[in-house]
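One-letter residues, chain by chain:
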Amino acid sequence: MSDDKPDAAALLHLRAAGLVKGAPLALPITPASMFRLPGEPEAGVDAYGRMSNPTWVALEEALGHLEGAPVLAFPSGMAAITAALFATLEAGDRLLLPADGYYTPRVLADRFLKGLGITVETRPTTRLAEGGFEGIRAVLIETPSNPGLDLCDLEQITAAIRAAGGVSIVDNTTMTPFGQAPLALGADIVVASDTKAPGGHSDLLMGHVASRDTALLAAMRDWRTMTGSIPGAFDAWLLHRSLETLELRFERMCDTADAIAPRLARHRAVHALSFPGLPDHPQHGLATRQMRRAGFLIGLSLADAATAERFIAACPLIEPTTSFGGVHTTGERRARWGDDVAPGFVRLSVGTEPADALWDAIDRALTDAEDPGGRS
Ligand SMILES: *Cc1c(COP(=O)(O)O)cnc(C)c1O
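Not measured: the values here are computed from a predicted model. (Residues numbered from 1 in each chain as written. Predicted model: local features only at pLDDT ≥ 70, side-chain atom pairs only at ≥ 80, totals over all residues. Heavy atoms only, no water.)

Next up on the list: the nonpolar core. Counting residues in hydrophobic clusters, the biggest one holds 75 residues, and the most contacted among them are Ile298, Leu300, Phe311 and Ile362. It is helix H9 (residues 246-266) that provides the largest number of residues to this core, a total of eight residues. Of the domains in this structure, domain 1 (8-243) and domain 2 (247-370) are the two that each give at least three residues to this core. If sequence neighbours within four positions are ignored, phenylalanine 311 has contacts with Leu300, Leu302, Ile318, Val346, Ile362, Ala365, Leu366 and Ala369. (Core = buried A, V, L, I, M, F, W, Y, C linked by side-chain atoms within 4.5 Å. Buried < 20%, exposed > 50% of the residue type's maximum accessible area, 1.4 Å probe, protein only. Helix = DSSP H or I, 4+ residues; strand = E, 2+ residues; numbered from the N terminus. Domains from an automatic or database assignment. Contact = heavy atoms within 4.5 Å.)

In structure tokens form, the structure reads like this:
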């Protein structure tokens, strides 16, 4: 890694340093549409709730500390991605999307951007650099990709995009700032869904963008103010609180994933396994260079769809949900959404349960799923 891990200790004391005697240690929530505004408006003075809010500012300072760059908060990951795309693209531009990453940006591009005169192209994550980036205005990159957990070389690809005159937008949702630092590896914009591990308790949707490019940041702020794509004060406050335990949760989840991935790989019910932390992942070398941790997502392929469904249903410590990154371990057969994966492919999102209890439950459920009559 080309930089240091975000300072989780300083994050916890970021706000407290500025508090007066008697002030609450916890962030007060400020739900407000109107602010007292006599005379002329002034820069830095809250005027109207679509333009600014003190709870967002506190959240953006905490996220900015983790990203090492200015941040803008959005009400979901897709709102953040949309802001990055609309701040970058004009009619006549070419946009390159990952063919295998999170599917909603492709649907958004197809449904709305094409009609505005933007040409949309896709390439698989592992072959993103092939064909070059000449004439492409913006490239969305996702590594590890969701759900396949394929990687691409951020340093090499962001440099090639910049050399060709384009803007690189890196979706860092699967890693969080504790797992990977795309800006330090050359990205122009980081986008993330904080609905996942940063929120972590399955009770909020949020997202953010981070960029050191002041013009891009100003354009994304204008997009937010003018379209009203703004977070609610309560969700911003809840995410701010969740960030205080992100490092703790993320490290625990990654440790547990490291512990159970090799055991899964050896289990006779598992036909294929994708986890960047295992030496037989095709891009394990890149993973160790580019990522601080291997992450908490594991892709495992069982014999077929029915076996995968039986596995998820049989495991009391796997919740059958879509989405990932929460304290509860969750599992989902991604083919049910049309992702280009095998019918028996399960995306496992490792939660914060103790590793031994989780492994025991998974081991039993895998055996039961493979041989449904065997234990009755
Ligand atoms: C979930 C997800 C998003 C979208 O985030 P929302 O908060 O659901 O809008 C974007 N990118 C990736 C990689 C995701 O997993």
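Still more to cover.
Close contacts around the ligand come from 14 residues, with Met78, Asp171, Ser193, Thr195 and Lys196 the closest. Within the backbone of methionine 78, a nitrogen or oxygen atom sits 2.8 Å from an oxygen atom of the ligand. For the ligand, an oxygen atom lies 2.7 Å from a polar atom in the side chain of lysine 196. When the ligand is considered free in solution it has 380 Å² of accessible area, and contact with the protein chains removes 93% of it. The element contributing the most residues to the shell around the ligand is helix H3 (residues 77-88), with three residues. For the shell around the ligand, the residue count by class is five nonpolar, six polar and three charged. (Near = heavy atom within 4 Å. Polar contact = N/O pair within 3.5 Å; in protein donor to acceptor, adjacent residues only side chain to side chain. Areas by Shrake-Rupley, 256 points an atom, 1.4 Å probe, with all protein chains shown as cover. Nonpolar A, V, L, I, M, F, W, Y, C, P; charged D, E, K, R; others polar.)

Since there are 3.6 residues in each turn of an α-helix, residues three or four apart along the chain are aligned in direction. The end-to-end C-alpha distance of helix H7 (residues 214-227), which contains 14 residues, comes to 20 Å, matching closely the 20 Å that a straight helix rising 1.5 Å per residue would cover. Among the residues of H7, those classed as buried are Leu216, Leu217, Met220, Arg224 and Thr225. In this structure, the buried side of H7 is in contact with helix H2 (54-67), strand S1 (71-74), H3, strand S5 (167-171), strand S6 (189-193) and strand S7 (207-211). Sitting at the head of H7, aspartate 213 places a side-chain oxygen 3.0 Å from the backbone nitrogen of alanine 215. Where H7 terminates, the next one or two residues include glycine 228, which has phi positive at roughly 75 degrees. (Expected span 1.5 Å × (residues − 1).)

As a further point, take the domain arrangement of the protein. Entries for the protein in the domain assignment read domain 1 (8-243) and domain 2 (247-370). Across the boundary between the two partners, domain 1 contributes 33 residues, which contact 32 residues of domain 2. Taking both sides of the interface into account, the surface hidden between domain 1 and domain 2 amounts to around 2,500 Å²; carbon and sulfur atoms contribute 58%. It is Pro147, Leu149 and Leu151 that lose the most area in domain 1 upon contact with domain 2, and together they represent 25% of the buried surface on that side. Counting every contact that joins domain 1 to domain 2 gives one salt bridge. Summed over the shared surface of domain 1 and domain 2, the number is twelve residue pairs in polar contact (both at pLDDT 80 or more). Looking at the side of domain 1 that touches domain 2, the elements that each hand over two or more residues are helix H5 (154-163) and helix H6 (176-179). Broken down by element, the residue count for the side of domain 1 that touches domain 2 peaks at four residues, all from H6. For the side of domain 1 that touches domain 2, the per-class residue count stands at 15 nonpolar, 14 polar and four charged. (Buried area = accessible area lost by both parts, 1.4 Å probe. Salt bridge = Lys/Arg side-chain N within 4 Å of Asp/Glu carboxyl O.)

As a further point, take unusual backbone geometry. In this model, threonine 143 is joined to proline 144 through a cis peptide bond whose omega is -5 degrees. By secondary structure assignment, the location of proline 144 is in the loop between strand S4 (138-142) and H5. With omega at 10 degrees, the peptide bond leading from asparagine 146 into proline 147 counts as cis. Here proline 147 lies in the loop between S4 and H5. Despite not being glycine, leucine 149 has its phi angle at roughly 60 degrees, a positive value. Checked against the element boundaries, leucine 149 lands in the loop between S4 and H5. The phi angle at serine 202 is positive, at roughly 60 degrees, despite the residue not being glycine.

What follows covers the sheet that holds S7. As a general point, the strands of a sheet are linked pairwise by backbone hydrogen bonds and lie either parallel or antiparallel. Read from one edge of the open sheet, seven strands run S1-S7-S6-S5-S4-S2-S3, paired in mixed fashion. The sheet terminates laterally at S1 and strand S3 (119-123), the two strands that pair on one side only. Strand-to-strand, the axes of this sheet are offset by a mean angle of 20 degrees, without reference to chain direction. Along the sheet, helix H4 (residues 104-113) makes contact with strand S2 (94-98), S3 and S4, crossing S2 at roughly 150 degrees. (Pairing = 2+ DSSP bridges. Axes fitted to C-alpha atoms, helices over the stretch in contact; angles between N-to-C directions.)

Moving on, we come to the environment of aspartate 371. Mapped onto the elements, aspartate 371 comes out in the segment after helix H12 (355-370). The spacing of aspartate 371 and histidine 240 is 131 residues in sequence and 45 Å in space, taken between C-alpha atoms.

The subject of this paragraph is the environment of glutamate 134. Counting through the fold element by element, glutamate 134 comes out in the loop between S3 and S4. For glutamate 134, a relative accessible area of 62% translates into the label exposed. Note: C-alpha distance between glutamate 134 and alanine 164 (30 residues apart in sequence) is 5.2 Å.

With that settled, the discussion passes to the side chain of asparagine 53. As for its placement among the helices and strands, asparagine 53 is situated in the loop between helix H1 (8-13) and H2. There is a polar contact of 2.6 Å between the side chain of asparagine 53 and the backbone nitrogen of threonine 55. Not counting chain neighbours up to four residues away, the residues in contact with asparagine 53 comprise Thr30, Ala32, Asp46 and Ala233.

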